[in-house]
Amino acid sequence: MRFLFTPPAEAATDLLTLPWADPLERWQDERVIEIPQTGRTRHVVRFVAAGDGLFALKELPEPRARREYRVLRRLRELGVPAVGVLGVVVDRPADREAVLVSRFLEHSMSFLALFADPRGVHLTRRVMDAQVELLVRLHLAGVVWGDCSLANTLFRSDAGTLAAYLVDAETGEVHERLSQEQRDHDLEVAYGRVTEELTDLRARGALAADVDPALAAADLVARYEQLWAELTGEEVLPRDQQRLRIGARIRRLQELGFEVGEVEVVEDPAGVSRLRLTTRVAEPGDNRRQLFTATGLDVQENQARRLLADIACHRSRLEREEQCHVPDAVAALRWRAEVYEPALAEVPPSLRSGLDDAEVFHEMLEHGWRLSEAAGRDVGPVAAARDYVDSVLATAAGDPVAPALLRTARPRPAP
Ligand SMILES: Nc1ncnc2c1ncn2[C@@H]1O[C@H](COP(=O)(O)OP(=O)(O)O)[C@@H](O)[C@H]1O
Ligand SMILES: [Mg+2]
């Protein structure tokens, strides 16, 4: 028998003494725990408490187990929400199938458990939202699921909404980027499987009376298409609104919980510009590290996200104006020297009122955004900074929280 696993080793060594020679279904070990309401399973899946952790063990043919191990590891690296994988056990005695060992996803529920709760019947919409988001994240990361269904997903509560995690990756494929056909294939599978699963729930009386399984599954596909278009669609940019439009698009994506990887403005021979964005999935802490490496600024995670988005905007403007490629590192340093420092220099020390630089800059961005919207054109960072100082900071001196509270103050037209 061989156990291939990713460190730390303690968890795996605790599992080595399990009765691997027996079929998983017949294990009687005291560490095996029964957990009701798991999704419908094709393979034998059992749960084991070992060391300080809880693990899910699934028995399946070796090639599939190895593939699932590989895909789950990759999903982790890509920051896609999925169960963590510990390892895979192969070459078991008596030619038994391999076993994939994943970490039990704490505080999660299968869709059956969700809907079994009497309040669950009204959850369809939120379950679908979470499922759509998971599928979009997977596709952005270049992964075809091959088996998208509610049973292959686990759900966790997340500040009033649900977050979906991929649990069954045995049919997954990782690519550089996905073709339309690959995405369509996943959507077809999802449509069929989700229709079946909701029909099944209805037969058990666990679905809200006004939910039609096929319509709900079709809605899932439609909402996927909508989110995908929002995240990846090209947009024509009128010349005088470029900065404004790019900023608006980045904000929309961030509000939807996504990150912008790269901003590209492509100008065709007729002089029409189109905006393309690469959207990616970010790990917590990722933005902060990236901003620090690029600019030397050490700020909070959300601040870093805003600043990186502004750097991306500045870079695309530089490339447009100077008609040449601007490398990441150069864009970041020029942004600091040409946008960030000059904007902050507008704030007299007496008006600093306890806010840190990145927070002041963030407030200026928000302020500039509203000014530009009211003016119907981009007012530019320095004008925004001046107006912010005059109309917000100057009236809120001495009160560090006031600028944020003043957000709703009516913006004056740009000078
Ligand atoms: N790591 C895990 N954490 C929590 N539950 C899990 C985990 N792995 C599997 N399960 C439960 O077992 C069910 C079946 O697992 P899955 O990988 O889909 O197996 P199958 O290939 O048999 O469909 C899931 O729907 C889920 O409820
Ligand atoms: Mg499954």
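Residues numbered from 1 in each chain as written. Chains lettered and ligands numbered in written order. Predicted model: local features only at pLDDT ≥ 70, side-chain atom pairs only at ≥ 80, totals over all residues. Heavy atoms only, no water.

Student: Break down the coordination of the magnesium ion (ligand 2) for me, citing the residues and quoting the values.
Tutor: Taken together, Asn152 (OD1) and Asp168 (OD) make up the full set of protein donors to the magnesium ion (ligand 2), lying 2.0 to 2.2 Å away. Residue asparagine 152 is found in the loop between strand S7 (143–144) and strand S8 (153–158), and its partner aspartate 168 is found in the loop between strand S9 (161–166) and strand S10 (173–174); the two are separated by 16 residues along the sequence. We classify aspartate 168 as buried; its relative accessible area is 10%. (Donors = N, O, S within 2.8 Å, 3.2 Å for Na, K, Ca; no water. Helix = DSSP H or I, 4+ residues; strand = E, 2+ residues; numbered from the N terminus. Buried < 20%, exposed > 50% of the residue type's maximum accessible area, 1.4 Å probe, protein only.)

Student: Run through the packing of aromatic side chains, naming residues and quoting values.
Tutor: The full count for this structure, using the stated rule, is eight aromatic pairs. Seen from their ring centres, tryptophan 20 and tryptophan 27 are 5.1 Å apart, and the 85 degrees between their planes marks the pair as edge-to-face. Using a relative accessible area of 4% as the deciding quantity, one classes tryptophan 20 as buried. A relative accessible area of 3% means that tryptophan 27 is categorised as buried. (Phe/Tyr/Trp six-rings, centres within 6.5 Å; stacked < 30°, edge-to-face > 60°.)

Student: Can you tell me about the packing of helix H4 (residues 124–140) against helix H5 (residues 180–203), naming the residues and giving the values?
Tutor: Interaxial distance between H4 and H5 falls to 12 Å at its minimum, and their mutual angle equals 155 degrees. Put simply, H4 runs roughly antiparallel to H5. Note that H4 runs across H5; the crossing there is right-handed. Residues Thr124, Met128, Leu135 and His139 of H4 form the contact with H5, whose participating residues are Arg183, Asp186, Leu187, Val194 and Leu198. Of the residues assigned to the contact of H4 with H5, the class counts are five nonpolar, two polar and two charged. (Axes fitted to C-alpha atoms, helices over the stretch in contact; angles between N-to-C directions. Parallel < 35°, antiparallel > 145°, perpendicular 65-115°, else oblique. Left-handed = near helix turned anticlockwise from the far one by under 90°. Contact = heavy atoms within 4.5 Å. Nonpolar A, V, L, I, M, F, W, Y, C, P; charged D, E, K, R; others polar.)

Student: How would you explain the sheet that holds strand S3 (residues 45–50) if you had to name every residue and give the values?
Tutor: On the basis of which strands lie adjacent, the open sheet formed by six strands has the order S1-S5-S6-S4-S3-S2 and antiparallel pairing. On the outer flanks of this sheet lie strand S1 (2–5) and strand S2 (32–33), each paired with one strand and no other. Here strand S4 (residues 53–60) pairs with strand S6 (residues 98–103) via six bridges, running antiparallel. When the bridges of S6 are listed, leucine 57 appears paired with valine 101. Against the sheet, helix H2 (residues 62–78) makes contact with S1, S4, strand S5 (85–90) and S6, and its axis sits at roughly 165 degrees relative to S5, the strand it touches most. (Pairing = 2+ DSSP bridges.)

Student: Mind laying out the side chain of glutamate 366, listing which residues take part and the relevant values?
Tutor: Locating glutamate 366 in the fold gives a position in helix H11 (residues 357–375). The buried category is assigned to glutamate 366, whose relative accessible area is 13%. Of note is the side chain of glutamate 366, whose polar atom sits 3.2 Å from the side chain of arginine 251. Excluding residues within four positions of it along the chain, glutamate 366 makes contact with Arg251 and Arg306. (Polar contact = N/O pair within 3.5 Å; in protein donor to acceptor, adjacent residues only side chain to side chain.)

Student: Describe the domain arrangement of the protein chain, with residues and values.
Tutor: Parsing the protein chain into structural domains produces domain 1 (2–103), domain 2 (108–231), domain 3 (234–281) and domain 4 (287–405). The distance between the C-alpha centroids of domain 1 and domain 3 comes to 43 Å. (Domains from an automatic or database assignment.)

Student: Report on the site of ligand 1, specifying residues and quantitative values.
Tutor: In the vicinity of ligand 1 there are 20 residues, among which Arg42, His43, Lys58, Arg103 and Ala151 approach most closely. In the environment of ligand 1, an oxygen atom lies 2.8 Å from a nitrogen or oxygen atom belonging to the backbone of alanine 151. Between ligand 1 and glutamate 170 there is a distance of 3.1 Å, counted from an oxygen atom to a side-chain nitrogen or oxygen. Protein chains bury 96% of the 550 Å² of accessible surface belonging to ligand 1 in isolation. Of all the secondary structure elements, the ones that give two or more residues to the shell around ligand 1 are S3, S4 and S6. Its residues assigned to classes, the shell around ligand 1 shows nine nonpolar, six polar and five charged. (Near = heavy atom within 4 Å. Areas by Shrake-Rupley, 256 points an atom, 1.4 Å probe, with all protein chains shown as cover.)

Student: Got a sec to walk through the pattern of salt bridges? Specific residues and values, please.
Tutor: Taken as a whole and judged by the stated rule, the model has 37 salt bridges. The salt bridge involving arginine 42 is made with glutamate 170; its shortest N-O contact spans 3.9 Å. Of this pair, arginine 42 sits in the loop between S2 and S3 while glutamate 170 sits in the loop between S9 and S10, and the two are 128 residues apart along the sequence. For arginine 66, the salt bridge goes to glutamate 62, with nearest N and O atoms at 2.8 Å. Remark: glutamate 62 and arginine 66 occur in helix H2; sequence separation between them is four residues, near one turn of the helix. With relative accessibility at 29%, the residue arginine 66 sits in the partly exposed group. (Salt bridge = Lys/Arg side-chain N within 4 Å of Asp/Glu carboxyl O.)

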